[in-house]
Amino acid sequence: MNSHIMPTYARLAVTFERGEGAWLWDENNQRYLDALSGIAVCNLGHAHAAVHEAICQQSAKLLHTSNLYHVANQEKLADKLTEMSGMTNVFFSNSGAEANEAAIKLARKFGHAKSISTPAIIVFDSSFHGRTLATLSATGNAKIQHGFEPLVEGFVRVPYNDIGAIKTVLAENASIVAILVEPIQGEGGVNIPAPDYLNQIRALCDEFDILMMLDEIQTGIGRTGKFLAFQHNGIIPDVCTLAKALGNGVPIGACLAHGKAAELFTAGNHGSTFGGNPLACSAALAVLTTLTDSDLIAQAGEKGDAICAAFHEKLHSNSHVVNIRHLGLMIGIELDKPCSELVGKALNAGLLINVTQDKVIRLLPPLIIDATQITQLVDTLSMLIQEQTNP
Ligand SMILES: *Cc1c(COP(=O)(O)O)cnc(C)c1O
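What you see is a predicted model; the values in this text were computed from it and never measured.

## Concerning the site of the ligand
Part 1: Contacts to the ligand come from Ser95, Gly96, Ala97, Asn100, Phe128, His129, Gly130, Glu182, Asp215, Ile217, Gln218 and Lys244.
Part 2: The separation between an oxygen atom of the ligand and a polar main-chain atom of Gly96 is 2.8 Å.
Part 3: Contact distances for the ligand include 2.6 Å between an oxygen atom and a side-chain N or O atom of Lys244.
Part 4: When the ligand is considered free in solution it has 380 Å² of accessible area, and contact with the protein chains removes 81% of it.
Part 5: At 3 residues, the largest contribution of residues to the shell around the ligand is made by helix H4 (residues 96-113).

## Examining the packing of aromatic side chains
Any two aromatic rings considered together are summarised by their centre-to-centre distance and by the angle between their planes.
Part 1: The tally for this structure, following the rule as stated, stands at 3 aromatic pairs.
Part 2: Between Phe16 and Tyr32, the ring centres sit 5.2 Å apart and the planes meet at 85°, which makes this aromatic pair edge-to-face. Of this pair, Phe16 sits in strand E1 (residues 16-20) while Tyr32 sits in strand E3 (residues 31-34), and the two are 16 residues apart along the sequence.
Part 3: Taking the relative accessible area as the measure of exposure, Phe16 reaches 32% and is therefore partly exposed.
Part 4: Judged by centre distance (5.5 Å) and plane angle (75°), the rings of Tyr160 and Tyr197 are edge-to-face. On the criterion of sequence distance, the pair formed by Tyr160 in the loop between strand E6 (155-158) and helix H7 (163-172) and Tyr197 in helix H8 (residues 197-208) is long-range, its members being 37 residues apart.
Part 5: The residue whose ring lies beneath Arg18 is Trp25, and the NZ or CZ to ring-centre distance is 4.4 Å.
Part 6: Above the plane of the ring of Trp23 lies Arg31, whose end atom (NZ or CZ) is 3.5 Å from the centre.

## Here we look at the sheet that holds strand E14 (residues 354-356)
Part 1: Taking strand neighbours across the sheet as the criterion, the 4 strands line up as E11-E12-E15-E14 in an open arrangement whose pairing is antiparallel. Across the chains shown, the open sheet's two edge strands, defined by having one partner strand only, are strand E11 (321-327) and E14. In this sheet, adjacent strand axes meet at a mean angle of 25° when their direction is disregarded.

## What to know about the packing of helix H2 (residues 49-61) against helix H9 (residues 278-292)
Part 1: Look at H2 against H9: their axes get within 8 Å of each other, and the N-to-C directions meet at 150°. When the axis of H2 is compared with that of H9, the two are roughly antiparallel. Relative to H9, H2 is oriented so that their crossing is right-handed. Residues Ala50, Val51, Ala54, Ile55, Gln58 and Ser59 of H2 form the contact with H9, whose participating residues are Pro278, Leu279, Ser282, Ala283, Ala286, Val287 and Thr290.
Part 2: For the contact of H2 with H9, the per-class residue count stands at 9 nonpolar, 4 polar and no charged.

## Some details on the pairing of strand E8 (residues 211-215)
Part 1: Burial runs high along E8: 5 of the 5 residues are buried.
Part 2: Of the two faces of E8, the one holding Leu211, Met213 and Asp215 and the one holding Met212 and Leu214 are both buried throughout.
Part 3: Regarding topology, H8 serves as the crossover connection from strand E7 (residues 176-181) to the parallel E8, and that connection is right-handed.
Part 4: Where E8 meets strand E9 (residues 239-242), 3 bridges bridge the pair, whose relative direction is parallel. The residue bridging Leu214 from the neighbouring strand is Cys240, located in E9.

## Notes on H8
Part 1: Helix length check: H8 (12 residues) gives 17 Å between terminal C-alpha atoms against 16 Å at 1.5 Å per residue, within 8%.
Part 2: Where H8 is concerned, the buried positions are Tyr197, Leu198, Ile201, Arg202, Leu204 and Cys205. Projected down its long axis, H8 carries its buried residues within an arc of 165°, all on one side.
Part 3: If you follow the buried residues of H8, they end up packed against strand E5 (120-124), H7, E7 and E8.
Part 4: Looking one or two places after H8, you find Asp209, whose phi comes out positive at around 50°.

## A look at the nonpolar core
Part 1: Of all hydrophobic cores here, the largest spans 87 residues; its most connected members are Leu81, Ile166, Phe311, Ile333, Ile361 and Leu363.
Part 2: Top contributing element to this core by residue count: H9, with 9 residues.
Part 3: The residues touching Ile333, leaving out its near neighbours within four places in the chain, are Phe311, Val321, Asn323, Ile324, Lys359, Val360, Ile361, Leu363, Leu381 and Ile385.
Part 4: In terms of nonpolar packing, the next biggest core, distinct from the first, is built from 23 residues, Ala103, Ile116, Val239 and Leu264 among them.

Procedures and definitions
- Residues numbered from 1 in each chain as written.
- Predicted model: local features only at pLDDT ≥ 70, side-chain atom pairs only at ≥ 80, totals over all residues.
- Heavy atoms only, no water.
- Near = heavy atom within 4 Å.
- Polar contact = N/O pair within 3.5 Å; in protein donor to acceptor, adjacent residues only side chain to side chain.
- Areas by Shrake-Rupley, 256 points an atom, 1.4 Å probe, with all protein chains shown as cover.
- Helix = DSSP H or I, 4+ residues; strand = E, 2+ residues; numbered from the N terminus.
- Phe/Tyr/Trp six-rings, centres within 6.5 Å; stacked < 30°, edge-to-face > 60°.
- Buried < 20%, exposed > 50% of the residue type's maximum accessible area, 1.4 Å probe, protein only.
- Lys NZ or Arg CZ within 6 Å of the ring centre and 35° of its normal.
- Pairing = 2+ DSSP bridges.
- Axes fitted to C-alpha atoms, helices over the stretch in contact; angles between N-to-C directions.
- Parallel < 35°, antiparallel > 145°, perpendicular 65-115°, else oblique.
- Left-handed = near helix turned anticlockwise from the far one by under 90°.
- Contact = heavy atoms within 4.5 Å.
- Nonpolar A, V, L, I, M, F, W, Y, C, P; charged D, E, K, R; others polar.
- Right-handed = clockwise from strand over helix to strand, strands pointing away.
- Expected span 1.5 Å × (residues − 1).
- Arc of directions from axis to C-beta.
- Core = buried A, V, L, I, M, F, W, Y, C linked by side-chain atoms within 4.5 Å.

Any functional reading would require information beyond the geometric quantities listed.
Right, here's the structure in full:
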């Protein structure tokens, strides 16, 4: 195909035309089971009635006025988000990377307020925070950075899930103002840290008076069986970033702050033309209302457990399966060899999956996936894994 799109993605040879719940149909009316949700975006499934209704109604009234004026939907969404998260203040953006940019700026402002002239943020190996210059500099993946140097300064990298490594840096580097970390590394391979890892980071951030900043862009909005993943730990971070599933497909991001981070930005410090516009906020409000009016978040926990138990059952005797891990519906199946071909094979079998870090099959099915669809997912993918590993 002679395309005028910049080739930044190696795309699969399929074009989807419509969706409903966990199903998608391509141009030839072939049906696929979506176990990826557009990379943790369509958590409520495709063509969700409440989201559809909300954006139709809002688009008939008003799409945009700018942040020079009050935006009612933005106020309502901030109320709902802070109520559900325990955070206190919100800045709205249009994407995850932009939400993280706001967090990074908050950390630097926090540092300067403490008279630290070269503030630095602790970040992690295998992390992913986005593709803008600051967020790709924070990202722990050389492939994403290569060719775009010079990187943005002010990041100190340590191994993930290693509290000692953080302590060492804090003891040696007085310029550290924040720790930016994913509760579970998504792109990095569905890496789930020790259950008390976030609690230990919280304690260190208190001890050293630095900001605990959680990138919940992939783990948030019910994905792990809690509204936000940090709610498994009974803590509150100082900063938390959201995007992906917040609008169920309508682009919106958010940077939430609490306590010492809540009042850092003042007029003129940050901005966005589109951020928090009436349309995007109407979609996000519909998403949050749907989640609070249902037990879908709890279901994410139960369905994730059921899916992984079923995979264990089918795959326990396969010695090439290194590990099946999950929290809620964030699922990783690690093989002992590269398995990217599985993505195309699954597509041909009518199933959408992802492989990250070459060897980890990543599943992010919508929270509304039903029992029949779960069986189809487990049966189809187990068969493909058996074929792949024992040809
Ligand atoms: C997807 C993702 C981002 C980037 O979000 P964009 O909307 O693509 O900018 C950042 N952090 C994490 C953890 C993500 O999963």
